[in-house]
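Secondary and tertiary structure notes
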Amino acid sequence: MKKPIRKLSSLMAVLLIFTLCPAQVKNIKTNVRNDKSSNYSSGIRSTKTYSSGYSSNSSESFGQYLAEGIIGGFVQAIGFATVEAQKAVLRDRDDYPNTISLEGKLEYGSDLSTLSFNPSIRGNWGILASDLRYSFLHDYTGSLESIDWQVLILRVPINNLKLNYGIGFTSLLSPKTTYFESSTGMDLYLMKRKLTLGFNYRWTYRRNESRYRQEVKLTSDYVIIDKHRFKLSPLVGISYQNYFEEDEFWMFNVGVKISLGRY
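Residues numbered from 1 in each chain as written. Predicted model: local features only at pLDDT ≥ 70, side-chain atom pairs only at ≥ 80, totals over all residues. Heavy atoms only, no water.

As for the nonpolar core
In a soluble, globular protein the nonpolar side chains are often hidden away together inside. Within the largest apolar cluster, 12 residues are counted, these being Val25, Ile28, Val32, Leu137, Leu144, Leu172, Tyr179, Tyr212, Tyr243, Phe244, Phe249 and Met251. Looking at this core, the elements with two or more residues in it are α2 (24-53) and β12 (247-260). In this view, Leu144 contacts Val25, Ile28, Lys29, Ser135, Phe136, Leu137, Leu172, Ser174, Tyr212 and Tyr243; residues no more than four positions away in its chain are not counted. (Core = buried A, V, L, I, M, F, W, Y, C linked by side-chain atoms within 4.5 Å. Buried < 20%, exposed > 50% of the residue type's maximum accessible area, 1.4 Å probe, protein only. Helix = DSSP H or I, 4+ residues; strand = E, 2+ residues; numbered from the N terminus. Contact = heavy atoms within 4.5 Å.)

Below, the structure written as structure tokens:
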């Protein structure tokens, strides 16, 4: 008699937890659809206004020409500085950790009612990097999937510290839409470069009043296998995600990092 009662109590407890937990993933997808439709409507209105109300004059043309000239010169200066910095880092790659490598990560996260899965692959070459990941978020209302690609990441090495800034996009699988996304962060290498402490902040650009997603992640990984060009590191961390300034998640993350590279 006691066993059926215990099973019934456990089932009621589980149902109570799901009842109290908000329908966050479903709400996020609803907000994405609303954001997508409103952005499309505003785009049509702005196009009509532009086509019917556009007027040009010489002062606007001169100002545009001047702005383009300044921006073009600034971009060229940044490009020259980037090339020189890349040459210097590759020349002195023994002095900087993780200069040339290919990294893969498998990360699982969870809170009371939500699960996340984030496999990723990243290539590092001097002060440049590119990071591609699959983002999966699931609760009892459904799943949210996206491909997040930080296309270009600039890494500034300062001894055992690397400062990062990247630009890219996140593309949702359903509902299908894409947001531009930036990232910034840092990696600190300690204990003869066996321990890595990481901080990363990602944010999408605003379409209307709020951002699709903001994400803050703190991680720590430690090398337990280091053979030739192969490294294996278990990792732990915590992350915070906020969608449309309405739905937020605090996750505890565990996983593993595999690195292939000489430096």
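Considering the packing of aromatic side chains
Under the definition given, this model contains 9 aromatic pairs. On the numbers, 4.7 Å between centres and 5° between planes, the contact of Tyr179 with Tyr212 is stacked. Remark: Tyr212 occurs in the loop between β8 (195-204) and β9 (213-222) and Tyr179 occurs in strand β7 (residues 177-190); sequence separation between them is 33 residues. You'll find Tyr179 and Tyr212 in the same group, each marked buried. Centre to centre, the rings of Tyr212 and Phe244 are 5.8 Å apart; their planes meet at 75°, and the pair counts as edge-to-face. Of the two residues, Tyr212 is situated in the loop between β8 and β9 and Phe244 in the loop between β11 (230-243) and β12; the sequence distance between them amounts to 32 residues. Residue Tyr212 is classed as buried on the basis of its relative accessible area of 1%. What makes Phe244 buried here is its relative accessible area of 8%. (Phe/Tyr/Trp six-rings, centres within 6.5 Å; stacked < 30°, edge-to-face > 60°.)

Focus on the pattern of salt bridges
Counted under the stated rule, the structure contains 11 salt bridges. The salt bridge partner of Arg91 is Asp92, with a shortest N-O separation of 3.9 Å. By relative accessible area, Asp92 is classed as partly exposed at 28%. Via salt bridges that share partners, Asp131, Arg133, Asp148, Glu181, Arg202, Arg213 and Glu215 belong to a single interconnected network. (Salt bridge = Lys/Arg side-chain N within 4 Å of Asp/Glu carboxyl O.)

Considerations on unusual backbone geometry
Omega for the peptide link from Ser174 to Pro175 comes to -5°, which places this bond in the cis form. Of note, the phi angle at Asn98 is positive, near 60°, even though the residue is not glycine. Overall, the relative accessible area of 12% leaves Asn98 in the buried class. The phi torsion at Asn159 lies on the positive side, around 55°, for a residue other than glycine. When you line up the elements, Asn159 lands in the loop between β5 (142-158) and β6 (161-172). Take Asn159: its relative accessible area is 58%, and that puts it in the exposed class.

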